[in-house]
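What follows is the residue order along each chain.
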Amino acid sequence: MINSACRLRKTPSGTPSTDEEVLQELALDYPLPKLLLEYRGMAKLKSTYTDKLPQMVNRETGRVHTSYSQAVAVTGRLASSDPNLQNIPVRTVEGRRIREAFIAPPGSRIVSADYSQIELRIMAHLSGDQGLLRAFANAEDIHRATAAEVFSTPLDAVSNEQRRYAKVINFGLIYGMSAFGLASQLNIERSAAQQYIDLYFMRYPGVADYMQRTRQQAKQQGYVETVFGRRLWLPEINGGNGMRRQAAERAAINAPMQGTAADLIKLAMAAVQNWIEREQLHTRLIMQVHDELVLEVPENELALVNENLPGLMCHVAELKVPTKLDWVKARIGKRRIKQTRCCLAWASKNFHLFAILVNT
DNA sequence: TTTAATGGCGCG
DNA sequence: AAAGCGCGCCATTAAA
């Protein structure tokens, strides 16, 4: 079935890979891969969300309740399970229909607030790079600013493609991506990718220094730290297995940024909950999604929450850059909800409708 | 029936 | 040989 022309890549165990990237490529030449991708997408939504979530509605509360593990993720993040509510779909139109099933009870609204570009801000703080600090101090669109630097272009002359490139570079930096990774991500030559990386580090020398220092420190100490001092130990950073050592190096680059972000959101959770109790509000902090807090807010407390949440979340620590929220607002505003009980009683109906849609 | 490994994919 | 960090959960397959 999978002839040699279709075997674009192998999995670690040696079998032909059929992941999304491979299938997208094959879809250029054959009709089947596209269908398969569509099927997989729908099957994923159905099996993981529409079939499962309604089964997990608690009989007493009428809601789904997740569990958060505090000592699972090595970077200090929380991990959500049974069900995982930190991976509810949002990136596609079909997926967002799942998310729409999550609603507030009558008289309340869902409010969610997430930190804007938090890991890049932390990279600016940790590296102390002047260009990056200035961009954030000036509240610039950071990907646009990066594109302007890398492509030596005025800010307002940055093209969409240039911004897209810069965005991939920025994310790649956080994850310790190589020229090879950048090339495959942007579908360009590896030498071109290397040039972009070199150019980036010339424009942001503080970041280059920081990356270098971090690797070195990891090798000497055997661990890296967040801004608040939580450590990630890297036993394989000096090991003999090249592949694992390189993976450890990437983890060393990423952990201070992902981990500091995790520290900040935990401080924010405490700050927000303390404020709610101090003010004796009926607002509830109901979820955390890594850089985002989700609250259920009675309508008569909406103004107060919208007014105070940014300050509470953004002043848990003073970094070398300002922290900012992407947005704070009531979600699902238009939909008039006439329903008894709360949240997922109604939601399960939505899930059911969706399941039928998928089945047909 | 349960457990473990694998490939794949949802999110930040 | 792999090539981008951190998770949890699904279906499938094989083995206990």
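The text that follows walks through the structure, step by step, so that each part is easy to find. (Residues numbered from 1 in each chain as written. Chains lettered and ligands numbered in written order. Predicted model: local features only at pLDDT ≥ 70, side-chain atom pairs only at ≥ 80, totals over all residues. Heavy atoms only, no water.)

1. What to know about the overall build of chain A
The helix and strand inventory of chain A stands at 13 helices and eight strands. Relative to its length of 360 residues, chain A is compact, with a C-alpha radius of gyration of 23 Å against a globular reference of 21 Å. When the backbone C-alpha atoms are referred to their principal axes, chain A occupies close to 60 × 60 × 45 Å. Expressed as a percentage of its 360 residues, the buried residues of chain A come to 43%. (Helix = DSSP H or I, 4+ residues; strand = E, 2+ residues; numbered from the N terminus. Rg over C-alpha atoms; globule rule 2.2 N^0.38 Å. Buried < 20%, exposed > 50% of the residue type's maximum accessible area, 1.4 Å probe, protein only.)

2. Quick notes on unusual backbone geometry
In the segment running from D82 into P83, the intervening peptide bond is cis, with an omega of -5°. Tracing the backbone shows P83 in the loop between β2 (79-81) and α3 (93-99). One non-glycine residue with positive phi stands out, namely A139, at about 55°. Mapped onto the elements, A139 comes out in the loop between α5 (130-137) and α6 (142-150). In this structure A139 comes out as exposed when scored by relative accessible area, which is 62%. Positive phi outside glycine occurs at Q280, with the angle close to 50°. Topologically, Q280 is positioned in the loop between α11 (242-278) and β6 (284-288).

3. Observations regarding the protein's contact with DNA strand B
Taken together, 24 residues are adjacent to DNA strand B, and T11, S13, T18, K44 and D291 come closest. Among the atoms of DNA strand B lying within 4 Å of the protein, the sugar-phosphate backbone contributes 75%. Note that a phosphate oxygen of DNA strand B is positioned 3.5 Å from one of the side-chain N or O atoms of S17. Residue D291 places a side-chain N or O atom 2.6 Å away from a sugar or linking oxygen belonging to DNA strand B. When residues in the surface near DNA strand B are grouped by element, the largest group, three residues, is from helix α2 (residues 32-50). Here the residues of the surface near DNA strand B sort into seven nonpolar, 10 polar and seven charged. (Near = heavy atom within 4 Å. Polar contact = N/O pair within 3.5 Å; in protein donor to acceptor, adjacent residues only side chain to side chain. Nonpolar A, V, L, I, M, F, W, Y, C, P; charged D, E, K, R; others polar.)

4. Thoughts on the pattern of salt bridges
Two side chains with opposite charge may pair up if their charged atoms get near one another. Scanning all chains against the criterion turns up 14 salt bridges. We note a salt bridge from R9 to E21, for which the minimum N-O separation is 3.8 Å. Separated by 12 residues along the polypeptide, R9 in the segment before α1 (20-26) and E21 in helix α1 bring together distant segments of the chain. Judged by its relative accessible area of 33%, R9 falls in the partly exposed class. By relative accessible area, E21 is classed as exposed at 53%. Of the charged contacts in the structure, one is a salt bridge between D263 and R230, with a shortest N-O distance of 2.4 Å. Note that D263 is positioned in helix α11 and R230 in the loop between β4 (223-225) and β5 (231-233), a separation of 33 residues in sequence. By sharing partners, the salt bridges in this structure join R9, D19 and E21 into a single network. (Salt bridge = Lys/Arg side-chain N within 4 Å of Asp/Glu carboxyl O.)

5. Structural notes on α11
Each α-helix winds once per 3.6 residues, and so residues spaced three or four apart point in a common direction. An ideal rise of 1.5 Å per residue puts 54 Å on 37 residues; α11 measures up with 53 Å between its terminal C-alpha atoms. Along its length, α11 reaches its greatest deviation from straightness, about 40°, at N254, and the proline P256 lies no more than four positions downstream. Two to three positions downstream of the cap, the backbone nitrogen of M243 sits 3.1 Å from a side-chain oxygen, assigning the N-cap of α11 to N241. Looking one or two places after α11, you find Q280, whose phi comes out positive at around 50°. (Expected span 1.5 Å × (residues − 1). Bend = angle between axes of the 7 residues up to and from the residue.)

Purely geometric numbers; function is a separate question.
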